[in-house]
Amino acid sequence: MQHQQEMVSNGAAPQTNGKTEVAPAINGVSEDIKKPSVKLDPINTEMVRLIGQHLTNLGFKSTVQQLMSESGCRLDHPEAGRVRKCVLMGDWKGATEALQHLEPLLDCPSHLTEMRFLILEQKYMELIECGDDIGALSCLRGEISPLEHNISKVHRLSSLIFYNNSTDLRKATNWAGSGLESRCALMDKISKYFPSTVMLPPRRLEKLVIQALQQQIVHCNFHNTTSVLKLNPGDNYDKVSMLDAIGSSGTLLTDHVCSKDNFPSNCVHTLTDHTDEVLTAAFSPNGLLLATAGKDSAIIIWEIDQPNFGVSRRHYLDVGNSCVVCLSWSHDSTKLISCMAEEATELIVWDIEEGKEICKVTESNNDSLTSACWYKDDERFVCGGLRGQFFLCNLEGTIIERWEGVRVQSMNIHSDGKTVLASDTHRRIRAYQLEDKQDYSILQEDHGIMSFTLDESGRFGLLNVTTQGVHLWDLKDRQLVRKFRGTTQGHCTIHSCFGGLNQDFVASGSEDSKVYVWHRGREQPVAVLNGHQRTVNCVAWNPTLPTMLVSVSDDRTVRIWGPIDAVRKHQGEPQATSETSEGEDDAYDIPLHSALASNGQLPHNLMSSLDISEH
């Protein structure tokens, strides 16, 4: 029979006057294709093929044979099956011959050359590893070079002939060596060049399940746990197993939904040690310490017992008669900068391990140093204020560099460790490199920027904007991403934060005495936390404990928020302290055929890759 006669559409086997055709082995399964008792539509044909592929990978070959026989489908085109068999056996000549027969079915003629190149590359590498240098050179000169494909790669391959042992060769090329592992990896590469009607992409059903789970996680309001793996857009699904993606405690039998009971929406501790309004709070980068401060001229350092969700006072630092408005931890969690209100003329750097002052920074009685951030080396820091001071300092309190005329409202260090982003009185954020004396504009708001913070990547900024609320900006693309709704923001300085697992959430205080928590992908809050009696000035998320959140308020209290189990451990049965939005989505509760477009096809065909975009 001619090869053209064996071409199939949507995986269906050809029928001849009701007679049974015997197809060659596909994926190691011998298929006796019989006339099916039920005629399958294209989508269900694809489903049968996907199930057959997954069962084959699990080793149920006789089961797959029966499935293909009863359904009238086949997994792959016969010649594609031959390619697989030859590659896994190391029959490179047979593999290239089978590829030649599939050329009319390829979407692009260049794909044939690329697949031949990959096969010959594997042959060449195996010849080198077994010490057959003459055979390897013959393959390189007589088979690979005449393809005139990927010349730069050919040059790199030619240099491998000089490796004396397989260990060095594998290390230099990140290659698994001769054998089934590298040949299976080669087959996965080759299969990507075949149309899905000819050969299914590797682990296709697994990837669809993983992608579906990831979509459910994206739409889960309270996903804040590592028990189920969350992938980011662009992650390579080929390296993720279904078990890894679902987790040992997960299931495919129900949709993924996280309970709000595990979310930091319950007040676990109410700390009343401050004697006046509490204006700012900050967790140390290691998550083991918390600093709070405000109008009572005191900084309180709290120790965090993460396993037991406990909080205890470690240091009480007296700053004199000044109101503390800003706290900044060093990256190693050993030092803390405290900035005072505009009327003060100095800032203080503290040794937190000893609870002692390291240095003060002041130049004149006209200074105003109300904001600060650390360089990556933890030996230098930048500080500034609304009167035009903008300094780079060291731990001796010496001003190393200065930038004149910048009236700083708030500042943060970029993830590169040396670029300082500062909001000013012109309603903008600019980037400054003080050592190189360079600056440039990042964004412009229509109203005053009272405070802002950066996520771990340094790409996104969270701004508290006068009378507008909380805005999320993409600093790389310089675009406003989202305006979060719900919070009340007038002219008070309120500090918001990123937090939770993968920093998927943002939280902010509000002038209506509440704490608002949003998922980064949604404008409406997923939780509104009640308990404070006056304006909530600052919210901070523990960077190493995703279930711990702190808020401070004009009501002189510090509240620690956590999951319901932490409340039960410390207080017994909790009382309602939050309003939450379940946000259940019924988009998945539809029959398969109802999800089809008008032409009877899935909007994203099952055989092609699905792109999961972050919303």
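Conventions used here
- Residues numbered from 1 in each chain as written.
- Predicted model: local features only at pLDDT ≥ 70, side-chain atom pairs only at ≥ 80, totals over all residues.
- Heavy atoms only, no water.
- Helix = DSSP H or I, 4+ residues; strand = E, 2+ residues; numbered from the N terminus.
- Buried < 20%, exposed > 50% of the residue type's maximum accessible area, 1.4 Å probe, protein only.
- Contact = heavy atoms within 4.5 Å.
- Areas by Shrake-Rupley, 256 points an atom, 1.4 Å probe, with all protein chains shown as cover.
- Pairing = 2+ DSSP bridges.
- Axes fitted to C-alpha atoms, helices over the stretch in contact; angles between N-to-C directions.
- pLDDT = per-residue confidence, 0-100.
- Parallel < 35°, antiparallel > 145°, perpendicular 65-115°, else oblique.
- Nonpolar A, V, L, I, M, F, W, Y, C, P; charged D, E, K, R; others polar.
- Polar contact = N/O pair within 3.5 Å; in protein donor to acceptor, adjacent residues only side chain to side chain.
- UniProt positions renumbered as here; feature names shortened; annotations may be inferred.
- Phe/Tyr/Trp six-rings, centres within 6.5 Å; stacked < 30°, edge-to-face > 60°.
- Lys NZ or Arg CZ within 6 Å of the ring centre and 35° of its normal.

Trainee: Is there a simple way to explain the overall build of the chain in this structure?
Mentor: A tally of helices and strands in the chain yields 12 helices and 31 strands. By residue count, 52% of the 615 residues in the chain fall in the buried class. Long-range pairs, those at least 24 residues apart, make up 54% of the contacts in the chain with a sequence separation of at least 6. On the chain, roughly 28,400 Å² of surface is accessible, and the fraction owed to carbon and sulfur atoms is 46%.

Trainee: What is the right way to read the sheet that holds strand 7 (residues 310-318) from this model?
Mentor: Pairing between the strands of a sheet comes from backbone hydrogen bonds, and it takes one of two forms, parallel or antiparallel. Spatial ordering of the open sheet is given by 4-5-6-7, a layout of 4 strands whose pairing is antiparallel. Two strands lie at the open edges of the sheet, namely strand 4 (278-283) and strand 7, each paired on one side alone. Across the sheet, the axes of successive neighbouring strands diverge by a mean angle of 20°, strand direction being ignored. Of the pairings in the sheet, the one linking strand 6 (residues 298-305) to strand 7 comprises 8 bridges and is antiparallel in character. Of the residues in strand 7, the one forming a bridge with Ile-299 is Leu-317.

Trainee: Would you take a moment to explain the confidence of the model for the chain for this structure?
Mentor: Reading predicted coordinates in detail is not appropriate for stretches of low pLDDT. The predicted model of the chain has a mean per-residue pLDDT of 85, with 85% of residues at 70 or higher. Segment residues 1-32: pLDDT under 50, and 75 contacts once partners within four positions in sequence are set aside and those in other chains are kept.

Trainee: How do you make sense of the packing of helix 5 (residues 110-129) against helix 7 (residues 151-159) when you look at a structure like this?
Mentor: The packing of two helices is summarised by the inter-axis angle and the distance between the axes. One can describe the packing of helix 5 onto helix 7 by two numbers: an axis separation of 11 Å at closest approach and a directional angle of 10°. By the angle between their directions, the pair helix 5 and helix 7 is classed as roughly parallel. Note on element contacts: helix 7 touches helix 5 through Lys-153, Val-154, Leu-157 and Ser-158, opposite Phe-117, Glu-121, Tyr-124 and Met-125. For the contact of helix 5 with helix 7, a count of residues per class yields 5 nonpolar, 1 polar and 2 charged.

Trainee: Is there a simple way to explain the side chain of Ser-508 in this structure?
Mentor: Looking at where Ser-508 falls in the secondary structure, it is placed in strand 25 (residues 505-508). Within the structure, the side chain of Ser-508 is placed 3.3 Å from the side chain of Asn-464, a separation counted as a polar contact.

Trainee: Is there a simple way to explain the packing of helix 4 (residues 92-101) against helix 5 in this structure?
Mentor: Here helix 4 crosses helix 5 at 180°, and the two axes come no closer than 10 Å. As summarised for this structure, helix 4 and helix 5 are arranged roughly antiparallel, according to the angle between their axes. Facing Trp-92, Ala-95, Thr-96, Leu-99 and Gln-100 of helix 4, the residues of helix 5 in contact are Leu-112, Met-115, Arg-116, Ile-119, Gln-122, Lys-123 and Glu-126. Among the residues making up the contact of helix 4 with helix 5, the classes are represented as 6 nonpolar, 3 polar and 3 charged.

Trainee: Looking at this structure, how should I read the UniProt feature "repeat: WD" (unreviewed entry) in the chain?
Mentor: Those places that UniProt annotates as "repeat: WD" (unreviewed entry) correspond, in this numbering, to residues 271-305 and 529-561. Along residues 271-305 one finds 0% helix and 60% strand; the C-alpha atoms at either end are 15 Å apart. Along residues 529-561, the helical share is 0% and the strand share 48%, with 9 Å between the first and last C-alpha atoms.

Trainee: Explain the pairing of strand 19 (residues 438-444) here, please?
Mentor: In regular strands, side chains alternate between the two faces of the sheet. The pairing of strand 18 (residues 428-433) with strand 19 spans 6 bridges and is antiparallel. Following the sheet pairing, Arg-430 is matched in strand 19 by Ser-441. Between strand 18 and the antiparallel strand that follows it, strand 19, lie 4 residues; Lys-437 among them carries a positive phi value of about 60°.

Trainee: What's the story with unusual backbone geometry in this structure? I'm lost.
Mentor: As a rule of thumb, non-glycine residues mostly have phi less than zero, and peptide bonds are mostly trans rather than cis. In the Ramachandran plot, Glu-148 falls in the positive-phi region, its phi being about 50° despite a non-glycine side chain. In this structure, Glu-148 sits in the loop between helix 6 (133-144) and helix 7. Phi at Gln-503 takes a positive value of approximately 55°, unusual for a residue other than glycine. When you line up the elements, Gln-503 lands in the loop between strand 24 (497-499) and strand 25.

Trainee: Could you clarify how one ought to interpret the sheet that holds strand 3 (residues 266-271) in this entry?
Mentor: Taken in spatial order, the 4 strands line up as 3-30-29-28 in an open sheet, and their pairing is antiparallel. Looking along the sheet, the strands with just one partner apiece sit at the ends: strand 3 and strand 28 (536-541). Sheet twist, expressed as the mean angle between neighbouring strand axes with direction ignored, is 20°. Both strand 29 (residues 549-553) and strand 30 (residues 558-562) contribute to a ladder of 4 bridges, which runs antiparallel. Bridging across to strand 30, Val-552 finds its partner in Val-558. Of the strands in this sheet, strand 3 and strand 30 are in contact with helix 12 (residues 564-571), which crosses strand 3 at around 45°.

Trainee: I'm lost on the side chain of Glu-206 in this one. Help?
Mentor: Take Glu-206: it is sitting in helix 10 (residues 204-218). You can call Glu-206 buried: its relative accessible area is 15%. Residues within four places of Glu-206 in sequence aside, it is in contact with His-54, Ser-241 and Met-242.

Trainee: Explanation requested: helix 4 in the structure shown.
Mentor: Side chains that are three or four residues apart share a direction in an α-helix, a result of its 3.6 residues per turn. For helix 4, the set of buried residues is Trp-92, Gly-94, Ala-95, Thr-96, Ala-98 and Leu-99. Against the buried residues of helix 4 lie helix 3 (78-89), helix 5 and helix 9 (180-191).

Trainee: Just checking my understanding: could you explain the packing of aromatic side chains for this structure?
Mentor: Geometry of an aromatic ring pair is reported as the spacing of the ring centres plus the angle between the planes. Summed over the entire model, instances satisfying the criterion amount to 9 aromatic pairs. Taking 5.3 Å as the distance between ring centres and 80° as the angle between the ring planes, the aromatic pair formed by Trp-403 and Tyr-432 counts as edge-to-face. Highlighted residues: Trp-403 in the loop between strand 15 (399-402) and strand 16 (408-413) and Tyr-432 in strand 18, separated in sequence by 29 residues. Taken individually, Trp-403 and Tyr-432 each receive the classification buried, so the pair is uniform in this respect. Here the aromatic cluster, defined as three or more aromatic residues joined through ring pairs, consists of Phe-222, Phe-263, Phe-505 and Trp-541. The cationic tip of Arg-520 hangs over the ring face of Phe-460; the distance from NZ or CZ to the ring centre is 5.0 Å.

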